[in-house]
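Here is what each chain is made of, one letter per residue.
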Amino acid sequence: MDRDAILLTPGPLTTTLRTKLAMLRDWGSWDADFVAMTAELRRRLIAIIDGADSHVVVPLQGSGTFSVEAAVATLVPRDGHLLVLDNGAYCKRLGKVATLMGRRTTIMAHPEDEAVSAEALDAKLRADPSITHVGFIHCETGTGVLNPLQAVSDVCRRHGKGLIIDAMSSFAALPIDARAVTFDALVAASGKCLEGVPGMGFVFIRKAALAACENNSHSLAMDLFDQHAYMEKTGQWRFTPPTHVVAALGEALKQFDEEGGQPARLARYADNCATLIEGMKGLGFKPFLAPALQAPIIVTFHAPAVAGYDFKAFYAEAKRRGFILYPGKLTEVETFRVGCIGAIGRNEMQQAVNAVADAMRALVWAR
Ligand SMILES: *Cc1c(COP(=O)(O)O)cnc(C)c1O
């Protein structure tokens with residue numbers, strides 16, 4: 001096949017030709033043109049959450065997890081206590097990140113097919129005043145469940161606790177307004193719903209919170225206070241920036257604005273998600289989550305109850321037809337996942353359903 005397969009995954013995602021073409025130049029990291037590109041990128045990012053008055057945005061090299069780790073390292077003091085609201089794999093990763101760097105960490109477990117509970121958080125914060133920060137995943141990509149951002153933020157604000165939000169898979173698709181949602185840090189990345197290529201993350205940090213973060217980080221590379229101070233002073237990244245990723249994200253952000261910003265992106269992804277679920281239900285597949293909990297980002301389906309089904313073979317058949325699926329991430333039930341995000345629309349989702357139908361026929365025929 002001379003066309004790239006469509007990526008139905010939580011990232012990297014299918015990007016537009018325009019975004020890919022933006023990577024065909026080499027940039028000097030401290031040249032004025034690249035400094036201007038970084039400044040423009042930061043301006044566009046902060047505008048998405050209407051956060052210019054209250055927050056700064058600090059870009060960081062690496063995959064999204066690097067920025068999650070940097071946010072915890074920078075925001076949570078070494079004698080702080082992080083409570084992680086856990087209903088899936090990415091929540092557990094956040095807990096592991098904090099534990100490994102030696103921050104006191106408490107995990108508050110929820111079932112994977114339910115949203116985390118703002119009421120339970122409220123009770124926990126009342127019971128344990130030693131908690132200083134709360135870690136929260138907006139869309140838990142392990143299942144696709146949408147967690148209650150506003151309610152959790154309201155509870156944290158009432159208790160005066162710092163909220164660290166992993167909005168990696170929701171940012172730019174679901175609405176997040178820094179004037180309505182109170183948080184100390186919100187983490188996202190280039191290669192998710194902004195439809196850039198992977199290679200950098202960025203963290204929105206509340207200005208008042210950042211001021212108290214000097215020397216919190218145990219790590220030089222992960223220190224967002226330092227990265228921010230250097231960037232403000234010089235306009236440059238502290239260490240070698242992912243220049244091509246920055247250029248591609250700049251081009252992706254222009255297309256994001258041209259499309260109509262976050263509301264337009266949400267509308268396209270919601271349509272993708274509805275098209276996918278309707279088509280898959282028509283083939284007999286069952287979504288794992290109740291509809292009210294499903295974010296229009298990625299859908300977990302139960303593995304088909306067909307003799308001879310095996311994810312690897314199913315994946316290979318779908319790939320032959322031009323679509324890359326994603327394995328499930330649940331321990332108890334056998335599932336697989338299909339993403340609804342990236343530079344794709346209803347046609348691609350319908351073609352994906354056709355490819356799944358074809359793949360299932362091939363698997364059954366192969367027996
Ligand atoms: C994608 C994602 C991350 C980051 O994953 P990387 O593989 O490091 O890019 C973190 N949290 C959530 C919720 C995600 O969807």
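Just above sits the structure.
Model, not experiment: these values are computed from the prediction.

(A) Local environment of the site of the ligand. Around the ligand sit Ser63, Gly64, Thr65, Tyr90, Arg93, Ile137, Cys139, Thr141, Asp166, Met168, Ser169 and Lys192, and that is every residue in its neighbourhood. At a separation of 3.4 Å, an oxygen atom of the ligand approaches a polar side-chain atom of Arg93. At a separation of 2.5 Å, an oxygen atom of the ligand approaches a polar side-chain atom of Thr141. Summarising the interface, the protein chains cover 83% of the accessible area of the ligand, which totals 380 Å² for the free molecule. Taken together, the residues of the shell around the ligand break down into four nonpolar, five polar and three charged.

(B) Quick look at the nonpolar core. Core analysis: the biggest nonpolar cluster contains 57 residues, and Leu45, Phe171, Leu194, Phe202 and Phe204 have the highest contact counts within it. It is helix H9 (residues 243-259) that contributes the most residues to this core, seven residues altogether. In this structure, this core is formed jointly by two domains, domain 1 (6-11 + 261-365) and domain 2 (17-257), each of which donates at least three residues. In terms of nonpolar packing, the next biggest core, distinct from the first, is built from 32 residues, Val56, Leu82, Met101 and Phe225 among them.

(C) View of the pairing of strand S2 (residues 55-61). Within S2, seven of the seven residues are buried, leaving the element largely enclosed by the surrounding structure. Looking at chain direction, S2 and strand S10 (residues 200-206) are connected through seven bridges and run antiparallel. Within S10, the residue paired with Pro59 across the bridge is Phe202.

(D) Layout of the sheet that holds strand S9 (residues 185-189). Taken in spatial order, the seven strands line up as S2-S10-S9-S8-S5-S3-S4 in an open sheet, and their pairing is mixed. At either margin of the open sheet sits one strand with a lone partner, and together these are S2 and strand S4 (104-109). Adjacent strand axes in the sheet meet at a mean angle of 20°, parallel and antiparallel pairs treated alike. Alignment of S9 against S10, held across five bridges, turns out to be antiparallel. Residue pairing across strands places Ala185 opposite Ile205, the latter belonging to S10. Sitting on the sheet, helix H4 (residues 89-100) touches strand S3 (81-86), S4 and strand S5 (133-137), and the angle it makes with S3 is about 165°.

(E) Here's a closer look at the packing of aromatic side chains. Overall, the coordinates contain 10 aromatic pairs when judged by the stated rule. Note on Phe171 and Phe204: the rings are 5.4 Å apart at their centroids and 45° apart in plane angle, and the pair reads as tilted. Remark: Phe204 occurs in strand S10 and Phe171 occurs in the loop between strand S8 (162-166) and S9; sequence separation between them is 33 residues. Judged by centre distance (5.9 Å) and plane angle (50°), the ring pair of Phe311 and Tyr315 falls under tilted. You can see Phe311 and its partner Tyr315 sitting in helix H11 (residues 311-320), four residues apart, about one turn around the helix. For Phe311, a relative accessible area of 16% translates into the label buried. Grouped by ring-pair contacts, the aromatic residues Phe285, Phe301, Tyr309, Phe314 and Phe336 constitute a single cluster.

(F) Main features of a nonpolar patch on the surface. A grouping of Leu17, Leu21 and Leu24 is seen on the molecular surface, where their side chains present a nonpolar patch of about 350 Å² in accessible area. On the secondary structure map, Leu21 appears in helix H1 (residues 17-21). A residue is classified by how much of its surface remains accessible, and Leu21, at 47% relative accessible area, is partly exposed.

Criteria and cut-off values
- Residues numbered from 1 in each chain as written.
- Predicted model: local features only at pLDDT ≥ 70, side-chain atom pairs only at ≥ 80, totals over all residues.
- Heavy atoms only, no water.
- Near = heavy atom within 4 Å.
- Polar contact = N/O pair within 3.5 Å; in protein donor to acceptor, adjacent residues only side chain to side chain.
- Areas by Shrake-Rupley, 256 points an atom, 1.4 Å probe, with all protein chains shown as cover.
- Nonpolar A, V, L, I, M, F, W, Y, C, P; charged D, E, K, R; others polar.
- Core = buried A, V, L, I, M, F, W, Y, C linked by side-chain atoms within 4.5 Å.
- Buried < 20%, exposed > 50% of the residue type's maximum accessible area, 1.4 Å probe, protein only.
- Helix = DSSP H or I, 4+ residues; strand = E, 2+ residues; numbered from the N terminus.
- Domains from an automatic or database assignment.
- Pairing = 2+ DSSP bridges.
- Axes fitted to C-alpha atoms, helices over the stretch in contact; angles between N-to-C directions.
- Contact = heavy atoms within 4.5 Å.
- Phe/Tyr/Trp six-rings, centres within 6.5 Å; stacked < 30°, edge-to-face > 60°.
- Patch = residues over 30% accessible without salt bridge, like charges linked within 9 Å, V, L, I, M, F, W, Y side chains within 5 Å.
- Salt bridge = Lys/Arg side-chain N within 4 Å of Asp/Glu carboxyl O.

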